[in-house]
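Observations on the three-dimensional arrangement
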Amino acid sequence: EAGVTQSPTHLIKTRGQQATLRCSPISGHTSVYWYQQALGLGLQFLLWYDEGEERNRGNFPPRFSGRQFPNYSSELNVNALELEDSALYLCASSLWGQGNNEQFFGPGTRLTVL
Amino acid sequence: AQKVTQAQTEISVVEKEDVTLDCVYETRDTTYYLFWYKQPPSGELVFLIRRNSFDEQNEISGRYSWNFQKSTSSFNFTITASQVVDSAVYFCALSENRSGRRALTFGSGTRLQVQP
């Protein structure tokens with residue numbers, strides 16, 4: 001069974017540009033989560049999508065947004081990139097309805113903002 | 001608000017030593033879930049274990065064992081006879097059962113270096 005996949009592996013952008021990151025969940029999983037792992041800041045929750053809707057949002061500005069498609073894959077968009085957006089962005093998926101919320105992570109997209 | 005504290009930033013041991021990684025959590029919920037993840041240098045988080053708040057049984061899986069104590073809000077992780085391949089950053093995480101609060105709150109991680 002294929003795990004969570006993310007693309008691209010690396011992304012280099014300049015300040016002010018927009019970045020789009022993609023995630024495909026494990027087959028059968030309906031929930032997709034996005035986390036940011038910036039140097040010195042640890043792993044921080046960004047967004048949670050389930051059944052095409054945004055269910056919860058972390059403490060990030062509105063220029064971080066995303067969506068979930070009918071096939072449950074997801075996209076994270078970061079507008080007006082700032083230098084501090086440079087980080088590893090991790091996507092995770094889980095089965096909805098499970099209170100135990102076991103999340104499985106993808107390999108991440110490393111975003112570098114110059 | 002929920003919080004996870006991993007006070008040990010970095011631990012260095014010699015191969016075959018036992019090592020315990022500490023995790024202390026805070027939550028107002030009576031139902032919650034605790035997790036440990038391993039992040040090797042490749043960056044991908046690898047799920048290790050999940051524990052429910054109503055199940056305080058300790059668990060052993062090979063060289064790994066976990067000690068969950070609600071009385072002290074701790075969920076510690078022990079690696080017995082450590083190996084070089086155990087070198088990684090280990091994260092403890094917490095999620096609550098309430099709808100809309102399913103995201104994981106991570107601790108800051110403990111970097112484990114196992115020297116040959």
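One structure accompanies this document, and this report is about it. Since the structure is predicted, the reported quantities are computational estimates derived from the model, not experimental observations.

The rules behind each value
Residues numbered from 1 in each chain as written. Chains lettered and ligands numbered in written order. Predicted model: local features only at pLDDT ≥ 70, side-chain atom pairs only at ≥ 80, totals over all residues. Heavy atoms only, no water. Contact = heavy atoms within 4.5 Å. Buried area = accessible area lost by both parts, 1.4 Å probe. Salt bridge = Lys/Arg side-chain N within 4 Å of Asp/Glu carboxyl O. Polar contact = N/O pair within 3.5 Å; in protein donor to acceptor, adjacent residues only side chain to side chain. Helix = DSSP H or I, 4+ residues; strand = E, 2+ residues; numbered from the N terminus. 1 Å grid on protein atoms, 1.4 Å probe; cavity = no way out; pocket = protein on both sides within 12 Å on 5 of 7 lines; lining within 4 Å. Points joined across faces, edges and corners; volume = space filled by probe spheres on them. Nonpolar A, V, L, I, M, F, W, Y, C, P; charged D, E, K, R; others polar. Buried < 20%, exposed > 50% of the residue type's maximum accessible area, 1.4 Å probe, protein only. Pairing = 2+ DSSP bridges. Axes fitted to C-alpha atoms, helices over the stretch in contact; angles between N-to-C directions.

Residue-level contacts link 22 residues of chain A with 19 residues of chain B. Taking both sides of the interface into account, the surface hidden between chain A and chain B amounts to around 1,700 Å²; carbon and sulfur atoms contribute 57%. At the surface where chain A touches chain B, the tally comes to 1 salt bridge. Counting across the chain A and chain B interface gives 4 residue pairs in polar contact (both at pLDDT 80 or more). Those elements that provide at least two residues to the side of chain A that touches chain B are strand S4 (31-38), strand S5 (42-50), strand S6 (53-57), strand S9 (87-94) and strand S10 (104-105) of chain A.

Within this model, the largest pocket holds a volume of roughly 650 Å³. Taken together, 28 residues make up the lining of the largest pocket; nearest its centre are Gln37(A), Leu39(A), Gln39(B), Val89(B) and Arg111(B). Secondary structure elements with two or more residues in the lining of the largest pocket: S4, S9 and strand S11 (109-113) of chain A together with strand S10 (88-96) and strand S12 (110-115) of chain B. With 4 residues, the single largest contributor to the lining of the largest pocket is S12(B). In this structure, the second largest pocket encloses a volume near 500 Å³. Lining the second largest pocket are 24 residues; nearest its centre among them are Leu43(A), Gln44(A), Phe45(A), Leu104(B) and Thr105(B). Looking at the lining of the second largest pocket, the element that brings in the most residues is S5(A), giving 3 residues. The class makeup of the residues in the lining of the second largest pocket is 9 nonpolar, 9 polar and 6 charged.

This brings us to the pattern of salt bridges. Taken as a whole and assessed by the stated rule, the structure comprises 10 salt bridges over all chains. A salt bridge links Asp55(B) to Arg51(B); the shortest N-O distance between them is 3.6 Å. As a salt-bridge pair, Arg51(B) and Glu59(B) come within 3.1 Å of each other at their nearest N and O atoms. Overall, the relative accessible area of 29% leaves Glu59(B) in the partly exposed class. Connected through shared salt-bridge partners, Arg22(A), Arg67(A) and Glu75(A) make up one network.

Okay, the sheet that holds strand S8 (residues 74-78) of chain A next. Residues and elements named next belong to chain A. Taken in spatial order, the 4 strands make up an open sheet running S1-S3-S8-S7, and their pairing is antiparallel. Since the sheet does not close on itself, it has two edges, and those belong to strand S1 (5-7) and strand S7 (64-68), each with one partner. If you compare each strand with its neighbour and ignore which way they point, the axes differ by 20° on average. Taken together, the 5 bridges between strand S3 (residues 19-24) and S8 define a ladder with antiparallel strand orientation. Residue pairing for S8: Cys23 is matched across the bridge by Ser74.

To continue, consider unusual backbone geometry. Excluding glycine, residues mostly carry a negative phi; peptide bonds, for their part, are mostly trans. With omega at -10°, the peptide bond leading from Ser7(A) into Pro8(A) counts as cis. Of note, Pro8(A) is situated in the loop between S1 and strand S2 (10-13). Phi at Tyr72(A) takes a positive value of approximately 75°, unusual for a residue other than glycine. Structurally, the position occupied by Tyr72(A) is in the loop between S7 and S8. With a phi angle near 85°, Lys16(B) is a residue other than glycine that sits in the positive phi range. By the element assignment, Lys16(B) lies in the loop between strand S2 (10-14) and strand S3 (19-21). A relative accessible area of 70% places Lys16(B) in the exposed class.

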